[in-house]
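# Examination of the molecular architecture
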Amino acid sequence: MELISGFSKYSREEKISCLKKTLNLKDEFETVLAQYRHSQKQELFDVFSENTISNFILPFGVAPNFVINGKYHIIPMVTEESSVVAAASRGASFWSKNGGFNVTVHNTIKVGQIWFKWNGKPDLLKINTENILGVVKSELHNFTESMEKRGGGIKELEFYSQPELNNIWQLQVKFETADSMGANFINSCLEKIKKPLTTWFEDNNWPDIEILFTILSNYTPDCLVTCETHCHISKFKEFTPIMAPELFANNYKLAVDIAFHNMDRAVTHNKGIFNGIDAVIIATGNDYRAVEAAGHAYASRNGKYRSLSSCSISPKGEFSFSVTLPLAIGTIGGITNLHPMSVLALKILNNPPAAGLMGIAAAAGLANNFSAISSLVTTGIQHGHMKLHLANILQSFNATELEKKMVLKHFKGITIDFKAVKDFMDNLRSNKNKLIT
């Protein structure tokens, strides 16, 4: 297969024609692409990415009954996994009757880095950090003035050596970006800092500085939010009628403790948290990849990958469940104000500030985690998951409405798996054909 030259410069029609010819695709390829083009907004969607030939549609759902810091929320969620919205709703419904979700935003500081080579004395950097900060803020004032009026801007500088690499240094710049995620603002600031930084070294007759590159960091350990819930274990009586409340609470805590101590389990445990968080992040037009990368790094901050959520039970039977993680997100900028569905999602949330959205996303993550672990220690994770996945299975068999009703009746109260549904459908259709013949 020959390399394709100049593909990005092709028109959409030329791109599709090229793909059909190169990959030997049939006409239905073009038909399906056309079906998912938007009749009115396609020009807008096309600019969100490169080489756009159509749209990939994901379900936009809502999870009701979230009470967060005493306020009621209906949370928009975008996900292809059927159990995510159901799990969030189940967790929200229970906790809304038992104190709700309590959220604390610890900080909203984000980070940028300037990497450089330098063989001077480390003490010079430490002693002069505040002076350099003053010069940088003064030089960039015209650019940062608008952000500063909203409470943002450059807040702090720190110099760090990279001991594994000879004479390699990092200037870490801490930013407040108000309600914006701030990626473009941070990267632009970092570029503009290079000149005053270089000038400072020259004016003070320090050894020459060689700037390697500047870039924001998606690891934002200071941009932290905690979401927590509390209730007496007796409240679990209605939530888990098949298991005694004390046994449920103790098994639940043990499952969380296992995830804290065992990395294999922690990965899946934390994925369950991000099931809820990612769905909110995508719905509101934020960067779920950056959020996940920061979260997983934070889970490893003490040298071992651990669970992000924790659980405790007091001697008096008070059950506490919480999650703390970094969430560097925004409610203005990027596609949050461009994508019509992101705009709608924020309206559903009553247009929260960035800190408010941090709490909402964390609550969605904790609700999903709570429901998943509850299923894990009672009926098993597959019981509820496959029940919700049944609609997808039936769709793959092109089941009729009558067949769907018969399948649902047959599998009521039974743990579902793909083979069992397939066997039932095959038998159902075989007997139907026998009757016809």
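So, here's what we can say about the structure. (Residues numbered from 1 in each chain as written. Predicted model: local features only at pLDDT ≥ 70, side-chain atom pairs only at ≥ 80, totals over all residues. Heavy atoms only, no water.)

## Some points on the pairing of strand 5 (residues 153–161)
The condition that has to hold: A pair of strands is treated as paired once DSSP finds two or more bridges between them. We count a stretch as a helix when DSSP gives it H or I for four or more residues in a row; a strand needs E for two or more, and each element gets its number in order from the N terminus.
As paired strands, strand 5 and strand 6 (residues 168–176) are joined by eight bridges and run antiparallel to one another. Following the sheet pairing, Glu158 is matched in strand 6 by Gln172. Between the end of strand 5 and the start of strand 6, which pair antiparallel, lie six residues, with Asn167 showing a positive phi angle near 60°.

## Concerning the sheet that holds strand 10 (residues 318–326)
Rules: Every axis corresponds to a line fitted to the C-alpha atoms, with the helix fit spanning only the stretch in contact, and the corresponding angles, defined between N-to-C directions, vary from 0 to 180 degrees. Working rule for contacts: check all heavy atoms of both residues, and any pair within 4.5 Å makes them a contact.
Strand order across the open sheet formed by four strands is 3-8-10-9, with antiparallel pairing between neighbours. Looking along the sheet, the strands with just one partner apiece sit at the ends: strand 3 (102–105) and strand 9 (309–313). Sheet twist, expressed as the mean angle between neighbouring strand axes with direction ignored, is 15°. Here strand 3 runs beside strand 8 (residues 224–232); their pairing, made up of four bridges, is antiparallel. Within strand 8, the residue paired with Val103 across the bridge is Cys227. In the packing of helix 13 (residues 354–376) onto the sheet, the strands contacted are strand 3, strand 8, strand 9 and strand 10, and the crossing angle to strand 8 comes to about 45°.

## Notes on the packing of helix 4 (residues 82–96) against helix 13
This is how the line gets drawn: Small angles under 35 degrees read as roughly parallel and large ones over 145 as roughly antiparallel, with 65 to 115 read as roughly perpendicular and the rest as oblique. Polar here means any residue other than Ala, Val, Leu, Ile, Met, Phe, Trp, Tyr, Cys and Pro, which are nonpolar, and Asp, Glu, Lys and Arg, which are charged; Gly is therefore polar.
With their axes 7 Å apart at the nearest point, helix 4 and helix 13 run at an angle of 95° to one another. Judged by the inter-axis angle, helix 4 sits roughly perpendicular to helix 13. Residues Val84, Ala87, Ala88, Arg90, Gly91, Ala92, Phe94 and Trp95 of helix 4 pack against Ala367, Asn368, Phe370, Ser371, Ser374 and Ser375 of helix 13. Residue composition of the contact of helix 4 with helix 13, grouped by class: eight nonpolar, five polar and one charged.

## Some points on the packing of helix 9 (residues 245–261) against helix 13
Basically, it comes down to this: Definitions for this section: a left-handed crossing has its near helix turned counterclockwise from the far helix by less than a right angle. A right-handed crossing has that turn clockwise.
Contact geometry for helix 9 and helix 13: axes closest at 10 Å, N-to-C directions at 110°. In terms of their interaxial angle, helix 9 and helix 13 are classed as roughly perpendicular. In this structure, helix 9 meets helix 13 at a crossing whose hand is right-handed. Along the contact surface, helix 9 presents Phe248, Tyr252, Ala255 and Val256, while helix 13 presents Asn369, Phe370, Ile373 and Ser374. Looking at the contact of helix 9 with helix 13, its residues break down into six nonpolar, two polar and no charged.

## A look at the sheet that holds strand 7 (residues 210–217)
Taken in spatial order, the four strands of this open sheet run 5-6-4-7, and their pairing is antiparallel. Looking at which strands have only one partner, the edges of the open sheet turn out to be strand 5 and strand 7. Between one strand axis and the next, the sheet turns through 20° on average, direction left out of account. Sheet topology note: the strand 4 (residues 109–117)/strand 7 ladder contains seven bridges and is antiparallel.

## Focus: the packing of aromatic side chains
A ring pair, where both rings are aromatic, is described by two values, the distance of the centres and the angle of the planes. Note the following rule: When the centres of two rings from Phe, Tyr and Trp lie within 6.5 Å, Trp using its six-membered ring, the rings pair. Their planes under 30 degrees apart give stacked, over 60 give edge-to-face, and anything left gives tilted. Any residue under 20% of the maximum accessible area for its type is buried, any over 50% is exposed, and the rest in between are partly exposed; the area is computed with a 1.4 Å probe on protein chains only. A ring is scored as having a charge over it whenever the NZ atom of a lysine or the CZ atom of an arginine sits within 6 Å of its centre and within 35 degrees of its normal.
Under the counting rule described, the total for this entry stands at 30 aromatic pairs. Aromatic side chains Phe239 and Phe248 sit 6.2 Å apart centroid to centroid with 65° between the ring planes, which places their arrangement in the edge-to-face category. The pair Phe239 / Phe248 is uniform in exposure class, with both members buried. One aromatic cluster is present, formed by Phe94, Trp95, Phe236, Phe239, Phe248, Tyr252, Phe319, Phe321 and Phe370 through successive ring pairs. The lysine or arginine in question, Lys15, covers the ring of Phe7, its NZ or CZ lying 5.9 Å from the ring centre. Sitting over the face of the ring of Tyr298, Arg301 holds its NZ or CZ atom 3.9 Å from the ring centroid.

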